[in-house]
Amino acid sequence: MARYPELLIPASSLEVLKTAVIFGADAVYIGGEAFGLRAKAKNFSMEEMKEGIKFAHEHDVKVYVTANILAHNYDLEGVREYFEELKEIKPDALIIADPGVFEIAKEVCPEIERHISTQANNTNYGTYNFWYRQGASRVVSARELSLEEIKELRANIPQDLEIETFIHGAMCMAYSGRCLLSNYFTGRDANRGACTHPCRWKYAVVEEKRPGEYMPVYENERGTYIFNSKDLCMIEHIPELLDAGIDSLKIEGRMKTALYVATVARTYRKAIDDYQKDPELYRKNMPWYLEQISNCTYRQFTTGFFFGRPDENTQIYDSNTYVKEYTYLGIVGEVKDGLCKIEQRNKFSVGERIEIMKPNGDNVEVLVKRILNEEGEEQESAPHSKQILYVELDGQADKYDILRRAEKGT
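The present account deals with the structure reproduced in this document. (Residues numbered from 1 in each chain as written. Predicted model: local features only at pLDDT ≥ 70, side-chain atom pairs only at ≥ 80, totals over all residues. Heavy atoms only, no water.)

### Here's the deal with the overall build of the protein chain
For clarity, the cut-off: Segments assigned H or I by DSSP are reported as helices when at least four residues long, segments assigned E as strands when at least two residues long, and all are numbered from the N terminus. Exposure is judged per residue with a 1.4 Å probe applied to protein chains only, and the accessible area is read against the type maximum: over 50% gives exposed, under 20% gives buried, and values in between give partly exposed. We call two residues in contact whenever any of their non-hydrogen atoms come within 4.5 Å of each other. Using the Shrake-Rupley algorithm and a 1.4 Å probe, accessible areas are obtained, with residue cover drawn only from the displayed protein chains.
A count of helical and extended segments in the protein chain gives 11 helices and 19 strands. For the protein chain, the proportion of its 410 residues judged to be buried stands at 53%. The contacts of the protein chain with a sequence gap of at least 6 include a subset with a gap of at least 24, amounting to 69%. Roughly 18,800 Å² of accessible area belongs to the protein chain as shown, and the carbon and sulfur atoms make up 49% of that amount.

### Regarding the packing of helix α9 (residues 258–277) against helix α11 (residues 286–293)
We count it as follows: For helices, the fitted line uses only the C-alpha atoms of the stretch in contact; every axis is such a line through C-alpha atoms, and the angle between N-to-C directions lies from 0 to 180 degrees. By the definition adopted for this analysis, an angle is roughly parallel if under 35 degrees, roughly antiparallel if over 145, roughly perpendicular if from 65 to 115, and oblique otherwise. Whether a crossing is left-handed or right-handed is set by the direction in which the near helix is turned from the far one by less than a right angle, anticlockwise for left-handed and clockwise for right-handed. Polar here means any residue outside two lists: the nonpolar Ala, Val, Leu, Ile, Met, Phe, Trp, Tyr, Cys and Pro, and the charged Asp, Glu, Lys and Arg; Gly therefore counts as polar.
Two elements in contact, α9 and α11, have axes whose closest approach is 9 Å; the angle formed by their N-to-C orientations is 165°. Between α9 and α11, the interaxial angle falls into the category roughly antiparallel. Of the two elements, α9 crosses α11, and the hand of that crossing is left-handed. Counted together, T263, V264, R266, T267, Y268, K270, A271 and D274 of α9 and W288, Y289, Q292 and I293 of α11 form the full contact between these two elements. Within the contact of α9 with α11, the residues separate by chemical class into six nonpolar, three polar and three charged.

### Quick word on the pairing of strand β2 (residues 27–31)
So the rule is basically this: Whether two strands pair depends on DSSP finding at least two bridges between them.
The element β2 is largely enclosed, with a buried count of five among its five residues. Side chains of β2 alternate between two faces, with A27, Y29 and G31 and V28 and I30 buried alike. Pairing of strand β1 (residues 6–10) with β2 involves three bridges; the strand directions are parallel. When the bridges of β2 are listed, I9 appears paired with V28. Inspection of the sheet shows β2 paired to strand β3 (residues 62–67) by five bridges, in the parallel sense. Counterpart to I30 in the pairing with β3 is V65.

### Some points on the pairing of β1
Among the five residues that make up β1, five are buried, leaving the element largely enclosed by the rest of the structure. Of the two faces of β1, the one carrying E6, L8 and P10 and the one carrying L7 and I9 are both buried. Where β1 lies against strand β11 (residues 248–251), three bridges are found, and the strand directions are parallel. Bridge assignment links L7 to a residue of β11, and that residue is L249.

### Section: the pattern of salt bridges
Charged atoms that come close allow side chains of opposite charge to pair. Heads up, the condition is: In what follows, salt bridge is the name for a side-chain nitrogen of Lys or Arg lying within 4 Å of a carboxyl oxygen of Asp or Glu.
Applying the stated criterion across every chain yields a total of 28 salt bridges. Linking K399 and E334 is a salt bridge whose minimum nitrogen-to-oxygen distance equals 3.0 Å. Remark: E334 occurs in strand β13 (residues 326–336) and K399 occurs in the loop between β18 (388–393) and β19 (402–406); sequence separation between them is 65 residues. For K399, a relative accessible area of 40% translates into the label partly exposed. When its relative accessible area of 49% is taken as the criterion, E334 is described as partly exposed. Between R370 and E378 there is a salt bridge, with its nearest N and O atoms 3.0 Å apart. Take E378: its relative accessible area is 51%, and that puts it in the exposed class. A single salt-bridge network, built from bridges that share partners, covers E6, R138, E162, E164 and K250.

### Regarding the nonpolar core
Spelled out, the test is: What makes a nonpolar core is a set of buried Ala, Val, Leu, Ile, Met, Phe, Trp, Tyr and Cys residues whose side-chain atoms join them at distances within 4.5 Å.
Core analysis: the biggest nonpolar cluster contains 90 residues, and F83 and Y268 have the highest contact counts within it. With 10 residues, α9 is the largest single contributor of residues to this core. Excluding anything up to four places from it in sequence, F83 contacts A67, L94, I96, V101, I104, A105, V108 and C109. With 16 residues, the next largest nonpolar core counts I342, L389, V391 and L403 among its residues.

### A word on unusual backbone geometry
Although it is not a glycine, K90 adopts a positive phi angle of roughly 55°. In this structure, K386 takes a positive phi of about 70° despite not being glycine. Tracing the chain through its elements places K386 in the loop between β17 (378–379) and β18.

Following this line, the structure appears as structure tokens:
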């Protein structure tokens, strides 16, 4: 049965959370400073989490907090204290992989919904029903499932047990994220939030009796990237996702910028809404969705496991470079007397043409007329990252709009 799906967007910081909310998320997932699986992400202090949840709830958006490490004995006491703190700030759900962590959440904050992370390898309806009996309200499907399997799963679980599925973003080279390479090479454990992405590194072959003699496995002159998956993108398959009975369409990317999050959230929001209004409208607007989604920093796209086993075309063998179409300049804060307050993220100059990216889907090209620093002094350019600036543009910018620049050749 088709359901009206939730669009679930990642956020690495308070700024990105607000961007996700304004640009179309129904729900946002975030990590606290402990026990989430993105230790390198900036993550949220308790104060920021409190402010983020308040902001989201004011806009009728939910917030889920990840606590999806695979815990060791020495983690458990800290998990309990962490959940006692979360009980006070009332996120809408906790995303959990570990049964021991799940039991603590159930005991400490039973009123907060519990979702089962993809890290728990949820590949069949028996597993879903098991977690439902334990008190989970939602299970995130393993990325290895096809749409046919998800449809069969939906038919064999309670109607009120929700299915959440990743539909866009990085694919892991290991089974549902269970990778030992990071721990082995760098001592940083992927299953405890510190993955260094060795799957993105460049590899060569060394023959046992000839140490130090590196033989590249030629795909091109730069070596080979044998573990390097393309990024998942299902923007062209919204009807099939809904037909399978998925409740929450999840975007990967808790370490991404506000520009990436805004672009992906805005595009999927419009695609979902257009399809619900009229499937013909969705088909008609497909070129716009594809153009927008390709404006993100991305690798190359695949539909992953959704339509059966991936083949050799799912891997990238010749490069680990991202395609980058736009540069992120900043988010518009207050607008007063024709000046937009921003915290600058990349260099731009007076006289340049840039774009205002709006939540409603509009991209407005404007000229940078003036740049002032906090002291009100004129600047020709903005070379210092994170500098607070006041910018005059020859077009209307509103709070939370994003400023970006198209790069040459795009």
